[in-house]
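One-letter residues, chain by chain:
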Amino acid sequence: MDSAPPLDIHKHWTAGGFCLTSIFWMSVATFAGLLGATELIAPDLTEGIGWLVFGRVRPIHINLVLFGFVTPGLLGAAFYFVPRLLRTPLFSEHLGLVTVVGWNATLVAVVWTLAAGYSQGREYAEMIWPVDIMVAGVFVLSVINILMTVRRRKEKVLYVSVWYVCAALVLTSLTYSLGNVIWRPDSGALAGIPDAIILWFYGHNVFGLLLTPLSAAAAYYIIPRACRAPLYSHTLSLLGFWSLLVVYTHIGTHHLLQVPVPTWLKVVAIVDSVAMVIPVMAFLINIWYTARGRLGEIHADIGAKFVFTGTIMYFFVSIQGSMMSLPQVQRVTHFNNWVVAHAHVGVLGFAGMIALGALYYVVPRIAGRPLYSRLLADFQYWMVLIGVTGFTIVLTIAGLLQGNAWLNGETVYRVLPEIHMYYIVRAGLGLMIFLSAVIGVVNLWRTLLAAKPTEVLP
Ligand code: HEM
Ligand code: HEM
């Protein structure tokens, strides 16, 4: 691990800016989720208010959790630890600040345009062309800052976290532009089946080539440091990195198994979805063996506790994901709440937990003082853990009811009352998560901005 002296804590604008961005937008994003969940219980609630209809609130929720909460949280950590691992200051804190401001302007544009009904109607690629350009732009600015820091580095050896951050930013700049077909500003789409293929190539790579590598990078940095132990195996970390790039890049078609895409593409997607066990287990064995016998240290550090829990969720979501890629399983699980459960285990349980852990680890170190309240942080940890576990249980049951009803030829209007109660429980759990997000804002805000820095944490 790095043995660099602490950097000048007053100059962590970029990391701090991304952390604040994440903390703030998490509460907006979870509120949008809660609104959507309430509308699923009472569909007439927002009747006549165009900008609040479910079809607009849902993409706002999803794009804000992805680009407002999880990605900036993980980037905040990356902009903190990449310079340390390279023993070099960030290439440009000014460029970083411009990126943070641009990122927030982009998020405002996302909410504004989607709420106003400007959407390209493609899942995970809803944003219209000008907003796409803004998103691609802030990713490119981040790439420049990180790659120039790597270029000027004093440390010759590139630790695996740096590999993951570079790959995530470079590849997402490319896949975002491809998946959003930005060379066609009017529609942002190709025609017919090729459009579905390119959309889901991009769609799954939001998880596979953005959230997963950034989360892995944060875990590879935080867990060994919190445990005060060397990484179990550097070779295994590289095996995990390269196999992720080889396998994850082309499994997006597992979202299209019920669609007339070429069979060979489905076969490749299914085989490699199962082969995902290689990068997943290479990463998990490495992290878990590093932490073996040191769970006390993990427990003592709230950041590491979030991150470690995130790795356990990664195990569950990946095993589940590989199973869901089998056509026989998907016949029951596709097009219903089972997938929504999987999505929350992945984006909230795995990447979101690690993003929260990264925030709780990095923010006190940037601020140069201990966390404002460990109690509030623990409260948030339990609310999110109970919330996401509860989501998984109720949405999985609701999904199984829906899937079996479909197979049995039941009509939708008979199934909806059956899952109503599960929707109510989901909204209750969502309220808990939203409230804990607000508590997180207070806790991290007070840590970062309340008083003058007094000390530099290790
Ligand atoms: C081995 C790893 C994984 C595999 C094989 C996998 C597989 C799948 C499959 C097959 C689907 C589509 C289900 C359907 O539509 O019937 C899906 C959906 C989804 N997955 Fe995963 N998954 C994996 C890991 C993850 C991770 C780590 C995340 C989050 C970081 C994630 C997030 C999602 C989301 C958000 C969806 C919903 C997409 C939609 O809106 O339709 N998955 N996954
Ligand atoms: C930061 C935490 C959260 C993350 C990362 C997250 C992530 C996601 C993702 C990726 C999806 C797309 C699922 C799919 O299409 O398969 C989704 C949908 C949704 N989420 Fe969340 N979510 C979070 C919190 C919440 C909360 C607190 C609620 C409130 C109950 C909520 C309610 C919903 C609803 C209602 C949908 C739409 C499901 C549907 O179309 O039937 N989410 N969320």
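Residues numbered from 1 in each chain as written. Chains lettered and ligands numbered in written order. Predicted model: local features only at pLDDT ≥ 70, side-chain atom pairs only at ≥ 80, totals over all residues. Heavy atoms only, no water.

Below, the discussion takes up the coordination of the iron atom of ligand 2. Angles between donor atoms at a metal ideally measure 109.5 degrees for a four-coordinate tetrahedral arrangement and either 90 or 180 degrees for a six-coordinate octahedral one. In the first shell of the iron atom of ligand 2, the protein supplies His61 (NE2) and His344 (NE2), at 2.0 to 2.1 Å from the metal. The buried category is assigned to His61, whose relative accessible area is 17%. Taking the relative accessible area as the measure of exposure, His344 reaches 18% and is therefore buried. (Donors = N, O, S within 2.8 Å, 3.2 Å for Na, K, Ca; no water. Buried < 20%, exposed > 50% of the residue type's maximum accessible area, 1.4 Å probe, protein only.)

Residues Trp13, Leu97 and Val101 make up a contiguous nonpolar surface patch of about 270 Å² in total accessible area. Relative to the elements of secondary structure, Val101 occurs in helix α3 (residues 93-115). (Patch = residues over 30% accessible without salt bridge, like charges linked within 9 Å, V, L, I, M, F, W, Y side chains within 5 Å. Areas by Shrake-Rupley, 256 points an atom, 1.4 Å probe, with all protein chains shown as cover. Salt bridge = Lys/Arg side-chain N within 4 Å of Asp/Glu carboxyl O. Helix = DSSP H or I, 4+ residues; strand = E, 2+ residues; numbered from the N terminus.)

Here the protein supplies the iron atom of ligand 1 with just one donor, His342 (NE2), and that contact is 2.2 Å long. By the secondary structure assignment, His342 is in helix α13 (residues 337-367).

The next thing to look at is the site of ligand 1. Lining the immediate surroundings of ligand 1 are 25 residues, of which Glu123, Tyr124, Phe207, His334 and His342 lie closest. At 2.6 Å, a side-chain N or O of Glu123 approaches an oxygen atom of ligand 1. Here an oxygen atom of ligand 1 and a side-chain polar atom of His334 are 2.6 Å apart. Classifying every residue of the shell around ligand 1 by side-chain character gives twelve nonpolar, twelve polar and one charged. (Near = heavy atom within 4 Å. Polar contact = N/O pair within 3.5 Å; in protein donor to acceptor, adjacent residues only side chain to side chain. Nonpolar A, V, L, I, M, F, W, Y, C, P; charged D, E, K, R; others polar.)

This part covers the packing of helix α7 (residues 234-248) against helix α9 (residues 277-291). Between α7 and α9, whose axes approach to 8 Å, the crossing angle comes to 155°. In terms of axis orientation, α7 runs roughly antiparallel to α9. Regarding α7 and α9, the two cross each other, and that crossing is left-handed. Along the contact surface, α7 presents Leu236, Ser237, Leu239, Gly240, Ser243 and Leu244, while α9 presents Ile278, Pro279, Ala282, Ile285 and Asn286. (Axes fitted to C-alpha atoms, helices over the stretch in contact; angles between N-to-C directions. Parallel < 35°, antiparallel > 145°, perpendicular 65-115°, else oblique. Left-handed = near helix turned anticlockwise from the far one by under 90°. Contact = heavy atoms within 4.5 Å.)

All right, on to the environment of Ser92 then. Structurally, Ser92 is set in the loop between α2 (54-86) and α3. When the C-alpha atoms of Ser92 and Tyr118 are compared, they prove to be 35 Å apart, with 26 residues separating the residues in sequence. In contact with Ser92, not counting residues within four places along its chain, are Thr14 and Asn145.

Neighbouring ligand 2 are 23 residues, the closest being Gly33, Arg58, His61, Glu123 and His344. Measuring from an oxygen atom of ligand 2, one finds a side-chain N or O atom of Arg58 at 2.2 Å. Counting residues per element, the ones that place at least two in the shell around ligand 2 are α1 (13-41), α2, α13 and α15 (412-449). Considering only residue class, the shell around ligand 2 consists of 14 nonpolar, six polar and three charged.

For helix α11 (residues 302-324), built from 23 residues, the straight-helix expectation of 33 Å at 1.5 Å per residue is met to within 8% by its first-to-last C-alpha distance of 33 Å. When you tally the buried positions in α11, you get 18 out of 23 residues, the bulk of the element. N-capping of α11 is provided by Asp301, with a side-chain oxygen placed 2.8 Å from the backbone N of Gly303. (Expected span 1.5 Å × (residues − 1).)

Glancing now at the packing of aromatic side chains. To describe a pair of aromatic rings, you give the distance between the ring centres and the angle between the ring planes. The full count for this structure, using the stated rule, is 27 aromatic pairs. Centroid distance Tyr164 to Phe241: 5.1 Å. Interplanar angle 75°. Geometry classified as edge-to-face. Of this pair, Tyr164 sits in helix α5 (residues 160-179) while Phe241 is found in helix α7, placing the two residues 77 residues apart along the sequence. By relative accessible area, Tyr164 is classed as buried at 3%. For Phe241, a relative accessible area of 3% corresponds to the buried category. Within the aromatic cluster, the residues linked to one another by ring pairs are Trp163, Tyr164, Tyr220, Phe241, Trp242, Phe283, Tyr314 and Phe350. In this arrangement the basic side chain of Lys305 is found over the ring face of Tyr381, its NZ or CZ atom lying 4.8 Å from the centre. The ring of Tyr361 carries the charged tip of Arg365 above its face, separated from the ring centre by 3.8 Å. (Phe/Tyr/Trp six-rings, centres within 6.5 Å; stacked < 30°, edge-to-face > 60°. Lys NZ or Arg CZ within 6 Å of the ring centre and 35° of its normal.)

What follows covers the side chain of Glu93. Tracing the backbone through its elements, the reader meets Glu93 in helix α3. The exposure class assigned to Glu93 is buried, which follows from its relative accessible area of 17%. Of note is the side chain of Glu93, whose polar atom sits 3.3 Å from the backbone nitrogen of Trp13. Among the polar contacts made by the side chain of Glu93, one reaches the side chain of Thr14 at a distance of 2.6 Å. Beyond its immediate stretch of four places on either side in the chain, Glu93 contacts Lys11, His12, Trp13 and Thr14.

What follows concerns the side chain of Ser237. Take Ser237: it is sitting in helix α7. Here Ser237 falls in the buried class, since its relative accessible area comes to 1%.

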